[in-house]
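# An overview of the molecular structure
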Amino acid sequence: MNDANALAVSHGLEHIRQILLDESPDALEKKTKERREGLPELPNATTGKVVLRFAPNPNGPLSLGHARGVVINTEFARMYDGEVILRFDDTDAVVKPPDPEAYALIEEDFTWLAGRAPDRILRASERMEVYLEYAAKALTENHAYVCECTGDAFKEFRISMSECPCRSRSTENNMALWSQMNDGAILPGGAVIRIKTDMSLSNPALRDWPALRIQHADHPMVADRYKVWPLLDFQSAVEDHLQGVTHIVRGKDLMDSTRKQTLLYEKFGWNYPETLYWGRVKVFEFGGFSTSQMKLDIAAGQYTGWNDPRLPTIRALRRRGYDAGAMRKFWIDLGLTQKDISVPMSTLNSLNAKAVDAEAPRLSFVRNPRSINLDISEIELTKVTLPIHPEHPEKGVREWPLEEGTINVKIDRDDFSTHEPKRLKDFADIGIHHEKTVKGWTGEVIRTERHGNTPIIHWLPSNMAQPAVLLLEEEGELVAAAGLLEVNDYSDGTVVQLERMGFAILEGVEADGARRLVQLHS
RNA sequence: GCUCGCGUGGUGUAGCUCGGCCCAUCAUGGUGGGUUUUCAUCCCGCUGACUCGGGUUCGAAUCCCGACGCGAGCACCA
């Protein structure tokens, strides 16, 4: 190599190229660094044998943050023709109690986002017998012990790297206490099961970590049948093994959890799944995603419900008309880095606009209508013809019939306030008399052909206008903006583009008959 | 305090395993222009980054050491 470099200096690179060409041409073939598309490869993955899981706490529907877990896991499953388990980790009825309705909501959110149902659905609360059995196994095999210390007391042992006296309890004694825990004889806080690791481990988080604790609260699914409940590290570890999970992809805040669980796996002689992590994500507009906080805010009346358009829940986004494919691409593009990142909604919106634009029919919506009587006696037209989609003429046209003489048109108050001539889109240049007459505001057509660059505004003839409200967020407030929508027969759920305003979805009809739309994004 | 992880343009991201193809990819944003009877979509141009300091090497975004910064865990939450 040194010789080669010396040669390069003395004879030039071209000289070396010639030598290589003569002696071993394949050395010149460049191994091109290709840009990787999508997710990276899963380590030790065999097509058809991959099992992944998504394990939320069912205390509310899924948020945009959870979407990452759903998308990444289902995408890996798609890449390797594997399975995804939806597992409800509902083992805490006290701090973050399960919401009985959340199970169905989450399943629905998952299916919408993944485009398919989960391959298996599990509820930890229905698997309690299994977990308790493994806890007993850990105790009898001396891998765990009943610890009666308070949290604070144990903290001292953890910091000083010394063993708690409970640790040396005999197996018989452990089993007796275990029975009392399960009987309800020992009250919450009175005892906890700890896994025997090693108190001299350099990572304090791993020192004799707690695996199960006592909770006497009424669990919404299984009531008070169980007194002892596993903590995440134990429940998840046991279940992942039993379900044959091959790969775990989760937040990096769970890195120590992996290490704790690996220690348990070693005791049981199991092999821990391959584990990948992602970092923390914030979306500028929403900050973090706290389901419990949203729940409180909804209860306090700050939001109308889980699908309030201001909320970052999947159902709120879905209600607004976001495309599941765009949301998937959004998370796949962010990838699997362990960096803590903060992304703006505009990135998602950009992907989403590309996804919905081609299919969104154009409609006119006049938000703050001002009525003008327009003299059209000088023109011959009997109707205005507008494309349903400017780039897809095959989708057909919209036709607005025009009466003879004078027609009544609606334009936005903001457009009215400027005095220059303006062009009613796809119709004509008009002049407005800004003096109110007994017949109201009046105006006249200047010409119908396009001439110059008269500012174009959107409008509606009153015979094509129906009352409507557009739900949108303005400065954190949910505003129901009243206006007039072009008469149409699109069904609810259709994403439309309101010309000059942005995308919206048709949602239903108000009590007073007005058509309701929800703004998607601009 | 202990332990772990992460630092590439405004925001994300590829490249890092195995140093040369990297005066660094793609997207988004910003900006200028084109198409367009929408402030949409589409197209084109411009913009802008390897945290810092050492070391190894002919050669470092890539390997090593250190510093600094950010984040997480050390819960009877998930």
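These numbers come from a predicted model, not from an experiment. (Residues numbered from 1 in each chain as written. Chains lettered and ligands numbered in written order. Predicted model: local features only at pLDDT ≥ 70, side-chain atom pairs only at ≥ 80, totals over all residues. Heavy atoms only, no water.)

## Let's talk about the sheet that holds strand 3 (residues 120–123)
What counts is decided by this rule: Two strands pair under a simple rule: DSSP has to find at least two bridges between them. Numbering of helices and strands starts at the N terminus; helices are DSSP runs of H or I of at least 4 residues and strands are runs of E of at least 2. Every axis corresponds to a line fitted to the C-alpha atoms, with the helix fit spanning only the stretch in contact, and the corresponding angles, defined between N-to-C directions, vary from 0 to 180 degrees. We call two residues in contact when some of their heavy atoms are within 4.5 Å.
Pairing is parallel in the open sheet, where 3 strands are placed in the order 1-2-3. Strands with a single pairing partner mark the edges of an open sheet, and in this sheet they are strand 1 (51–54) and strand 3. Across this sheet, the average inter-strand angle for adjacent strands is 25°, counted without regard to direction. In terms of strand pairing, strand 2 (residues 83–88) meets strand 3 through 4 bridges, oriented parallel. Looking across to strand 3, one finds that Ile 85 is bridged to Arg 120. Its contacts with the sheet put helix 3 (residues 64–80) on strand 1 and strand 2, and the angle it makes with strand 1 is roughly 165°. Across the sheet, helix 4 (residues 102–114) lies against strand 1, strand 2 and strand 3, angled at about 155° from strand 2, the strand it touches most.

## Concerning the protein's contact with RNA strand B
Put simply, the rule reads: Residues are labelled near a given molecule or strand when at least one of their non-hydrogen atoms is within 4 Å of it. In protein, a polar contact requires one atom able to donate a hydrogen and another able to accept it; more generally it is a pair of N or O atoms within 3.5 Å, and residues adjacent in sequence count only if both atoms are side-chain atoms. The nonpolar class holds Ala, Val, Leu, Ile, Met, Phe, Trp, Tyr, Cys and Pro. Asp, Glu, Lys and Arg form the charged class, and all remaining residues, Gly among them, are polar.
Taken together, 61 residues lie around RNA strand B, and Lys 96, Arg 158, Arg 213, Thr 337 and Glu 391 are the ones closest in. Backbone atoms, meaning sugar and phosphate, make up 68% of the atoms of RNA strand B lying within 4 Å of the protein. At 2.7 Å from a base nitrogen of RNA strand B is found a main-chain nitrogen or oxygen belonging to Gly 189. A distance of 2.6 Å is found between a phosphate oxygen of RNA strand B and a backbone nitrogen or oxygen belonging to Ser 342. Contributing elements (two or more residues each) for the surface near RNA strand B: helix 6 (151–160), strand 6 (210–214), helix 9 (255–268), helix 12 (324–334), strand 11 (341–343) and helix 13 (345–357). Residue contributions to the surface near RNA strand B peak at 4 residues, all from helix 13. When the residues that make up the surface near RNA strand B are grouped by side-chain class, the tally is 17 nonpolar, 15 polar and 29 charged.

## Overview of the packing of helix 3 against helix 12
Spelled out, the test is: Reported orientations rely on four angle classes, namely roughly parallel under 35 degrees, roughly antiparallel over 145, roughly perpendicular from 65 to 115, and oblique for the rest.
Axis separation between helix 3 and helix 12 bottoms out at 9 Å; the angle between their running directions is 80°. Accordingly, the angle class assigned to the pair helix 3 and helix 12 is roughly perpendicular. On helix 12, the residues touching Leu 64, Gly 65, Ala 67, Arg 68, Val 71, Ile 72, Thr 74 and Glu 75 of helix 3 are Met 327, Arg 328, Trp 331, Ile 332 and Leu 334. Taken together, the residues of the contact of helix 3 with helix 12 break down into 8 nonpolar, 2 polar and 3 charged.

## Overview of the side chain of Lys 410
Quick reminder of the rule: The rule is simple: take the accessible area with a 1.4 Å probe, protein chains only, and divide by the maximum for that residue type; under 20% is buried, over 50% is exposed, in between is partly exposed. For the purpose of charge, His is not counted, nor are the chain termini; Lys and Arg are scored as positive and Asp and Glu as negative. By convention in these notes, a salt bridge is any Lys or Arg side-chain nitrogen within 4 Å of a carboxyl oxygen on Asp or Glu.
Within the fold, Lys 410 resides in strand 17 (residues 406–412). There is no salt bridge for the buried Lys 410, and the closest opposite charge comes from Glu 403, which lies 12 Å off by N-O distance. Here Asn 408 takes part through its side chain, which lies 3.1 Å from a polar atom of the side chain of Lys 410. Other than its neighbours up to four places away in sequence, Lys 410 contacts Val 366, Pro 369, Arg 370, Ser 371, Trp 459, Leu 460, Ser 462 and Leu 484.

## Quick notes on the packing of aromatic side chains
Note the following rule: Paired rings are identified among Phe, Tyr and Trp, the last through its six-membered ring, by centres lying within 6.5 Å, and are further divided according to the angle between planes into stacked (under 30 degrees), edge-to-face (over 60) and tilted (the rest). In this scheme, the term charge over a ring applies when either NZ of a lysine or CZ of an arginine sits within 6 Å of the ring centre and within 35 degrees of the ring normal.
Applying the stated criterion to the full structure yields 13 aromatic pairs. Seen from their ring centres, Phe 54 and Phe 110 are 6.4 Å apart, and the 45° between their planes marks the pair as tilted. Within this pair, whereas Phe 54 is found in strand 1, its partner Phe 110 is found in helix 4, the two being separated by 56 residues in sequence. Looking at Phe 54, the relative accessible area reads 7%, which means it is buried. Exposure remark for Phe 110: the relative accessible area of 0% places this residue in the buried category. A ring pair is formed by Phe 330 and Trp 331, whose centres lie 5.1 Å apart and whose planes are at 70°; its orientation type is edge-to-face. We note that Phe 330, like Trp 331, is buried. Put simply, the rings of Tyr 134, Tyr 265, Phe 268, Trp 270 and Tyr 272 touch in pairs and so form one group of aromatic residues. A cation over an aromatic ring shows up here: Arg 123 above the ring of Tyr 103, its NZ or CZ 4.2 Å from the ring centre.

## With respect to the confidence of the model for chain A
To keep things clear, this is the line we draw: pLDDT runs from 0 to 100 and stands for how confident the predictor is about each residue.
Within chain A, residue pLDDT values average 91, and 93% of them lie at 70 or more. Considering each helix and strand of chain A separately, the mean pLDDT is smallest for helix 2 (residues 13–23), with a value of 51, and largest for strand 2, with 98. Under a pLDDT of 50 for its full length, residues 24–31 has, in the predicted model, 5 contacts with residues more than four places off or in other chains.

## A closer look at the nonpolar core
We count it as follows: We call a set of buried Ala, Val, Leu, Ile, Met, Phe, Trp, Tyr and Cys residues a nonpolar core when their side-chain atoms join them within 4.5 Å.
One finds Leu 64, Phe 76, Leu 113, Val 249, Met 327 and Trp 331 to be the most contacted residues of the largest nonpolar core, which totals 54 residues. If you tally residues by element for this core, the top one is helix 3, at 8 residues. In this structure, Met 128, Ala 144, Ala 211 and Leu 212 belong to the second largest nonpolar core, which totals 39 residues.

## Some thoughts on the environment of Pro 204
By secondary structure assignment, the location of Pro 204 is in the loop between strand 5 (192–195) and strand 6. Through-space distance from the C-alpha of Pro 204 to that of Arg 158 is 6.5 Å; in sequence the pair is 46 residues apart.

## Details of the packing of helix 4 against helix 12
With their axes 8 Å apart at the nearest point, helix 4 and helix 12 run at an angle of 85° to one another. When the axes of helix 4 and helix 12 are compared, the pair comes out roughly perpendicular. Across the interface between the two elements, Trp 112, Leu 113 and Ala 114 from helix 4 touch Ala 324, Met 327 and Arg 328 from helix 12. The class makeup of the residues in the contact of helix 4 with helix 12 is 5 nonpolar, no polar and 1 charged.

## As for helix 3
Counted only if it meets this: For a helix, the expected span equals 1.5 Å multiplied by the number of residues minus one.
For helix 3, with 17 residues, the first-to-last C-alpha span of 25 Å sits near the 24 Å given by 1.5 Å per residue. Helix 3 sits mainly inside the fold: 13 of its 17 residues count as buried.

## Some words on the pairing of strand 24 (residues 477–486)
As judged from the 2 bridges shared by strand 13 (residues 365–366) and strand 24, these two strands associate in the antiparallel manner. The partner of Phe 365 across the bridge, within strand 24, is Leu 485. As judged from the 10 bridges shared by strand 23 (residues 465–474) and strand 24, these two strands associate in the antiparallel manner. What sits directly across from Glu 473, in strand 24, is Leu 478. Taken together, strand 23 and the strand that follows it, strand 24, pair antiparallel across an intervening segment of 2 residues, in which Glu 475 is found at a positive phi of about 50°.

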